[in-house]
Amino acid sequence: MTPLVVGNWKMHGTLASRAEIGAIARGLDKPGLPPVEAVVCLPFTLLFPAQKIAAGTKLKVGAQDCHFEKEGAFTGDVSAPMLKEAGCAYVIVGHSERRAGHGETSELVRRKAEAVLAAGMTPIVCVGETKAERAAGKAKATVEAALKASLPKASGAVIAYEPVWAIGTGENAKPADIAGMHGFIRLLLGPAGKTMRIVYGGSVTPENVKEIFAAAEVNGALVGGASLKAQSFLAIVKSLPKTP
Ligand code: 13P
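Everything numeric in this text was worked out from a predicted model, so none of it was measured.

The rules behind the values
- Residues numbered from 1 in each chain as written.
- Predicted model: local features only at pLDDT ≥ 70, side-chain atom pairs only at ≥ 80, totals over all residues.
- Heavy atoms only, no water.
- Buried < 20%, exposed > 50% of the residue type's maximum accessible area, 1.4 Å probe, protein only.
- Helix = DSSP H or I, 4+ residues; strand = E, 2+ residues; numbered from the N terminus.
- Contact = heavy atoms within 4.5 Å.
- Polar contact = N/O pair within 3.5 Å; in protein donor to acceptor, adjacent residues only side chain to side chain.
- Pairing = 2+ DSSP bridges.
- Right-handed = clockwise from strand over helix to strand, strands pointing away.
- Axes fitted to C-alpha atoms, helices over the stretch in contact; angles between N-to-C directions.
- Parallel < 35°, antiparallel > 145°, perpendicular 65-115°, else oblique.
- Left-handed = near helix turned anticlockwise from the far one by under 90°.
- Nonpolar A, V, L, I, M, F, W, Y, C, P; charged D, E, K, R; others polar.

## Things to note about helix H1 (residues 18-28)
Since the α-helix advances by 3.6 residues per turn, residues separated by three or four positions end up pointing in the same direction. Turning to H1, its buried residues number three or more, namely Ile21, Gly22, Ile24, Ala25, Gly27 and Leu28. Contacts made by the buried residues of H1 are with strand E2 (37-41), helix H2 (47-54), strand E3 (59-63) and helix H10 (230-238).

Given below as structure tokens:
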């Protein structure tokens, strides 16, 4: 399995950010990098310009959300086929910021993930427990419930384990805990899980990523803040093992 490093730019980036996207693309084309699939998931407004920059390079472009319908009277929404047309290869669905801030349920996340697959892209399905759920010993039960309800029926999704308490806090999960949760997720996925990528997200930085990549069952990372600058995004990519 080729490891996957995904930058989630969240609500950051304007046309001026084309320079940073270009620097990421150029960096990925340099020789000597470990095997990797690298993606930046951008705000909708940057998708078309980013796709122009990424074309012909190793960088792939993705989005951070979509509607589950192809088209219709859904003011403010963007559909999966529209994202495909904009050059997206990946779409994040069910990020905790959407679950918490937009009331997204796992059922809705599953419909979005299915729409992404139907449009010929890969959904990155996010699951993770809150601090309170972890403190109550319910981390695995929370992840299991979210995973089972969010996962599309068809194969082809990537799973992102993102503990909510680790997102944007500077407090990443410990490698042993990440390995434990990823192993648990892999078990829940059954036979299909053998070839599915499970990536970790939550305060990943160039400083801590080596030990995270070294943890068992980790097939890459979903990176927020540290993905906004080409230098730190590329440093994370370069921290991948030379042989996956
Ligand atoms: P940070 O890397 O900024 O903690 O964000 C993680 C995240 O939410 C990626 O989807």
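## Regarding the side chain of Lys112
Mapped onto the elements of the fold, Lys112 is located in helix H5 (residues 106-118). Only 2.7 Å separates the side chain of Lys112 from the side chain of Glu104, close enough to count as a polar contact.

## Concerning the pairing of E3
Of all 5 residues in E3, 4 are buried, a share of seventy percent or more. Pairing analysis gives 4 bridges linking E2 to E3, with the strands arranged parallel. Bridge pairing in E3 links Val40 to Val61. Examined bridge by bridge, E3 and strand E4 (residues 88-93) share 3 bridges and lie parallel to one another. Counterpart to Gly62 in the pairing with E4 is Tyr90. Crossover handedness for the path E3 to helix H3 (residues 80-85) to E4: right-handed.

## Remarks on the side chain of Ser17
Structurally, Ser17 is set in the loop between strand E1 (4-8) and H1. Overall, the relative accessible area of 14% leaves Ser17 in the buried class. Among residues more than four places away in sequence, those in contact with Ser17 are Trp9 and Leu46.

## Here's the deal with the packing of helix H7 (residues 139-150) against helix H8 (residues 175-189)
For the pair H7 and H8, interaxial distance at closest approach is 11 Å and the crossing angle is 40 degrees. With respect to H8, the element H7 is oriented oblique. Along this stretch, H7 crosses H8, giving a crossing that reads as right-handed. The segment H7 lies against H8, with Ala139, Lys140, Val143, Glu144, Leu147 and Lys148 engaging Gly180, Met181, Phe184, Ile185, Leu188 and Leu189. Residue composition of the contact of H7 with H8, by class: 8 nonpolar, 1 polar and 3 charged.

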